[in-house]
Every structure is written in C-alpha cells, then in structure tokens.
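Here's the letter readout for the chains.
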Amino acid sequence: MVSGRFVYHFLLFLFVSLPYSSSSATARASSSASQKVSLALYYETLCPYCSSFIVNNLANVFEKGLSTIVDLKLVPYGNARIGSNNTITCQHGSYECLLNTVEACAINVWPYLNKHFTFIYCVERLVLEGKYSEWESCFGKMGLDSKPIADCYNSGYGKRVNMSMGLFVSVISSCGNSRCGHLHCFVLELEYAAETNALQPPHTYVPWVVVDGQPLYGDYKNFVTFVCKAYKGTAVPKACRALPLKIIPKEKANHPVHQVCHTVEKTTSTSPTPTRRIRSPITSWRRQMKMASSV
C-alpha cells in the first residue's frame, strides 16, 4: 500500500503543477468528459470513517490514471440537521459545522479538483491525527491564500443560491436582514443539505458513496472496482486493467462492510444550541483572520 506521506506529497505535486492545456489537449479532454464515471462522496468532516476514507482510499483516484475517467464530487454535509431559522446542527459538534462549511467553501472557490481535494485531504488528515483544530495550517502547507475562504463566510453567499434546485427561497429574501446576521445563511451548506436529503435511496450513514447514481452502500471502499466496471470508454487506465472486478452480492450490499457513522446517532444532550455551536468557532477564526490581515 502506498504510504500516506507519499500520497500527501503526490497531491501537493498535482496542485502546484496544474497544467495549462493546449487547444488539442482541451479538445481531447472535452471529448472524453462525457464518458467519465460520476463518483460522489456524501460525508461529514469529523466522522472518523469519512476522514479515513478520504485520506486512505479516495486519494487513490489520483493513482494509475483513474482520475482521467472519474468526475469526482464531494458533498460535505453528511448527517447534519436543519432546524428552525435555517440553523444547522452537526452530528459531531461545533467544529464539524465549521469544517463542513470551510470545505464547502474550498470546493466553491477552488473548483479544480486537484486544488480543493488537496486542501480537503490535508484537513482530513489532521482530523485522523486528532489535530483538526490546526486545520488553518493547511493554507500554509499547500501554499494557499486563506482570504477566499474567509470571504466565502463574509460575503453573504445567499445571492448565488441555485434556484434551479428550488432551494430555500425564504433564505434569499431574509439574507439582507438581521435574522441571518452572523451566520450568513450558510447557503452552501443549505444547498448540500438539499442535495443530501434528496438522495434516492436516502442515505442511512456516511461515508455514502455513489457511482453513476447508484449507492455502493457498505462496500464503499471498493469504489475503484465499481468505477472501472461502469466505465464504457476505450482509454482504460492502468488502475482498471490491474484490478479484479469483484463486487459483493447485492443481497449483502445494505449491510456495511466497513465502519460508518449512522444517521440515527446524535450528539449528547449537553451540546450547545445550534446557533452557538456554529457561531463560536467562526467568531474565533474570524478574529484570527482579521489579526493576520492587519499585519
């Protein structure tokens, strides 16, 4: 198995060497895009099994040419809940709400997969190490500017909500008044909430991995096999040529083979209210960001 340190530096290399495609390369990429297999991960940032999957398994997308046939989408919401006044309660507490939105912002402001995945990989690796409070160090490690992420919080993102999905019209109309205030409506997370809650069949745990619209259920770590089996193109990557296409029987699919965070799990009754749980970490982070920018 490839070591985590090797994968980390390989992803960093991918980020710093993002290519500027020639017209012929762009044309080839465009023609092959329609043949790509969609791969979606619905997750939450502090579920240890999600973090482990991202760091130890999903990073394999970048090995042996697999990324050339995959259209990977990350959806950081998981088992969170929307309460009154559009407040969000996260399964693993306040920091999960913060990191869910930070990673949602990363996906939005850095749309290139190599770039936002490298940042998310760094954050989730810190989660596995029990150092998630040091997530801001990933900006420096990856040579990224933290300002776009701060701006994502501070800009009132409600103006850019995707209306085609019929999402939270009331949120848009209220973002200009004090009710949204400090929370800035968390529109990115509300969009991801709507997408997650619209899953058919509904997700019952995370990580919830979907290949071409079909959930992998408990066999999610075997996603490479499912991707290779679904690929209909001719440019078969090395990752697929060397892989035995073994898939667990369908009747066993609903029973998790690997560890997961179930939707029925709840935070303890001693947890603070949703608004406080979201507000406290963001206030601290904003204060640090303002201090850094004034230097």
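Analysis parameters
Residues numbered from 1 in each chain as written. Predicted model: local features only at pLDDT ≥ 70, side-chain atom pairs only at ≥ 80, totals over all residues. Heavy atoms only, no water. UniProt positions renumbered as here; feature names shortened; annotations may be inferred. Disulfide = S-S within 2.5 Å. Helix = DSSP H or I, 4+ residues; strand = E, 2+ residues; numbered from the N terminus. Buried < 20%, exposed > 50% of the residue type's maximum accessible area, 1.4 Å probe, protein only. Axes fitted to C-alpha atoms, helices over the stretch in contact; angles between N-to-C directions. Parallel < 35°, antiparallel > 145°, perpendicular 65-115°, else oblique. Left-handed = near helix turned anticlockwise from the far one by under 90°. Contact = heavy atoms within 4.5 Å. Nonpolar A, V, L, I, M, F, W, Y, C, P; charged D, E, K, R; others polar. Core = buried A, V, L, I, M, F, W, Y, C linked by side-chain atoms within 4.5 Å.

If you check an unreviewed UniProt entry, the chain appears there as Gamma-interferon-inducible lysosomal thiol reductase from Tetracentron sinense. Regarding the chain, the UniProt comment filed under Subcellular location (unreviewed entry) reads as follows: "Secreted".

A. Main features of the state of the cysteines. Tallied over the full model, the rule gives five disulfides. For Cys105, the disulfide goes to Cys152, at an S-S distance of 2.1 Å. Between Cys105 and Cys152 the disulfide shows an S-S torsion of about -80°. By sign, it is left-handed. Taken together, the residues Cys105 in helix H4 (residues 94-109) and Cys152 in helix H7 (residues 147-154) connect sequence positions 47 residues apart. We classify Cys105 as buried; its relative accessible area is 1%. Judged by relative accessible area, Cys152 falls into the buried class, the value being 9%. The disulfide that involves Cys228 links it to Cys240, with 2.0 Å between the sulfurs. Judged by the sign of its S-S torsion, about -80°, the cystine formed by Cys228 and Cys240 is left-handed. Here the residue Cys228 occupies a position in helix H10 (residues 223-230), and Cys240 occupies one in helix H11 (residues 238-241), the gap between them amounting to 12 residues. No difference in accessibility class separates Cys228 from Cys240, as the two residues are buried. Cys50 takes part in no disulfide bond, and the closest cysteine sulfur to it belongs to Cys47, at a distance of 3.7 Å.

B. Region of the structure containing the packing of H4 against helix H5 (residues 113-128). Here H4 crosses H5 at 160°, and the two axes come no closer than 9 Å. Judged on the interaxial angle alone, H5 and H4 are roughly antiparallel. For the pair H4 and H5, the sense of crossing is right-handed. Across the interface between the two elements, Leu99, Val102, Glu103, Ala106 and Ile107 from H4 touch His116, Phe119, Ile120, Val123 and Glu124 from H5. Among the residues making up the contact of H4 with H5, the classes are represented as seven nonpolar, one polar and two charged.

C. Summary view of the nonpolar core. Formed by 74 residues in total, the largest nonpolar core has its most connected members in Leu39, Leu58, Leu66, Phe119 and Phe223. Setting aside residues no more than four positions away along its own chain, Leu66 makes contact with Asn60, Val61, Phe223, Val224, Val227, Cys228, Pro237, Ala239 and Cys240.

D. Spatial organisation of H10. The element H10 is largely enclosed, with a buried count of seven among its eight residues. Looking only at H10, the buried set comprises Phe223, Val224, Thr225, Phe226, Val227, Cys228 and Ala230. At its buried positions, H10 is contacted by strand S1 (37-43), helix H3 (48-56), strand S2 (70-76), strand S6 (208-211) and H11.

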